[in-house]
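# Survey of secondary and tertiary structure
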Amino acid sequence: MVPPGTIDVHAHYFPQDAPPADVIAGFPEAPRMVLDSPAEGRLVRGSEDFRAVRRALWDVPARLEDMDRAGVGVQAISPVPVTLEYGAAPAPFAAYCRWINESIARAVEDSDGRLIGIGTVPLLSPRDCLSELHYLSAVLGLRAIEIGTRINGMELDDPALEYFFDAVDGLGLAVMVHPVDGGGGAVRRSGFTYDFGLGMPSDTALAATALVFGGVLDRHRRLRIAMVHGCGTFPWAYPRLRLGAHLAATHVPDDLDRLVSRLYADTLVFDPGLLPALVHRFGPNQILLGSDHPFIPGQPGDGLADLNSAAEHLPPGTVPRILRENALEFLGLASGALVTDHFSPIKEDHHGTHC
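Residues numbered from 1 in each chain as written. Predicted model: local features only at pLDDT ≥ 70, side-chain atom pairs only at ≥ 80, totals over all residues. Heavy atoms only, no water.

Here the focus is helix α5 (residues 162-171). The element α5 is extensively covered by neighbouring structure, given that 9 of its 10 residues are classed as buried. Among the residues making up α5, those that are buried are Glu 162, Tyr 163, Phe 164, Phe 165, Ala 167, Val 168, Asp 169, Gly 170 and Leu 171. Those residues of α5 that are buried lie in contact with α4 (126-139), β7 (144-148), β8 (174-178), α6 (192-213), α7 (216-219) and β9 (225-227). Positive phi shows up at Gly 172, right after α5, with a value of about 75 degrees. (Buried < 20%, exposed > 50% of the residue type's maximum accessible area, 1.4 Å probe, protein only. Helix = DSSP H or I, 4+ residues; strand = E, 2+ residues; numbered from the N terminus. Contact = heavy atoms within 4.5 Å.)

Here you go:
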């Protein structure tokens, strides 16, 4: 039973303990935490600092205090995107994913029901990936998987990834798609302002385009996929994409509309004036509260204030759905949601990939 109250589906967690020795031996660049004080720390890759972080990232009581101040009842916590290091050696990266997932599960256990877990998997190693999917679902009780917008250079509609979508579809797990820092080279200008402000939203839009136009959603009719950061620039680019597909005679526009309406997007767009357009694009049942907590200053409080200020411009009943019901359905926790313990392992040579 999920406690009552608002649900924030887009928040991140990182454990304060060190990765296992076998992980560090085979994956020396594995992101890890260095604590500089009880309240401050750094995420480090190898010998290089990646970013400064604060206590709520690793400390459950501090996180719950932040949630209380903002008026959030429940958070879904997912790995920090820098951990999605798909190019790492398969065996140590699989062990690293296991360490991350077990750490998230412990945080959930320590939260008195106020946290929900979203895990990670070694996507380029099908056997390890499928084993981890089963473990995090059946043993750890995590509700979803976070993946990157690209998988070691592959777009999400690459046939090599089809086994993964087959598996999560069969398990009833949700998928959250998150861009990596810098936006994966999606824009031609360099620097944090461009990477953060244009690169990451553009990268997210490209991933959504792969899911819709590349047939992933069409092939997996039960799949629940959420795109963070309001699905990036996709909501505004989609009408032009739709027209282009119509002119090129590659897709039927009505079919595309149906697929787009299945995507979930979070509210993290930093402008209440954009929220009605987001609801218009995806529908009132597909929008989720998201904060990127604890990385974005003022969140999740500012996001809730934006949603409240936009309420009069949204269809009746939309805000309560965004605050809770949509998240329950996305995470497979609503009474009518499809949730199954069935697990179907990959077959040999499926789409040219061996398990």
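Take the pattern of salt bridges next. Across all of its chains, the model carries 15 salt bridges by this definition. Its salt-bridge partner being Asp 218, residue Arg 258 comes within 3.7 Å of it at the nearest N-O pair. A residue pair is termed long-range when its members are at least 10 positions apart, and Arg 258 in helix α9 (residues 253-260) and Asp 218 in helix α7 qualify at 40 residues. Measuring nitrogen to oxygen at the nearest pair gives 3.7 Å for the salt bridge that ties Asp 254 to Arg 242. You can see Asp 254 sitting in helix α9 and its partner Arg 242 sitting in helix α8 (residues 234-248), a full 12 residues away along the chain. The class for Asp 254 is exposed, based on a relative accessible area of 56%. By sharing partners, the salt bridges in this structure join Asp 36, Arg 42 and Asp 49 into a single network. (Salt bridge = Lys/Arg side-chain N within 4 Å of Asp/Glu carboxyl O.)

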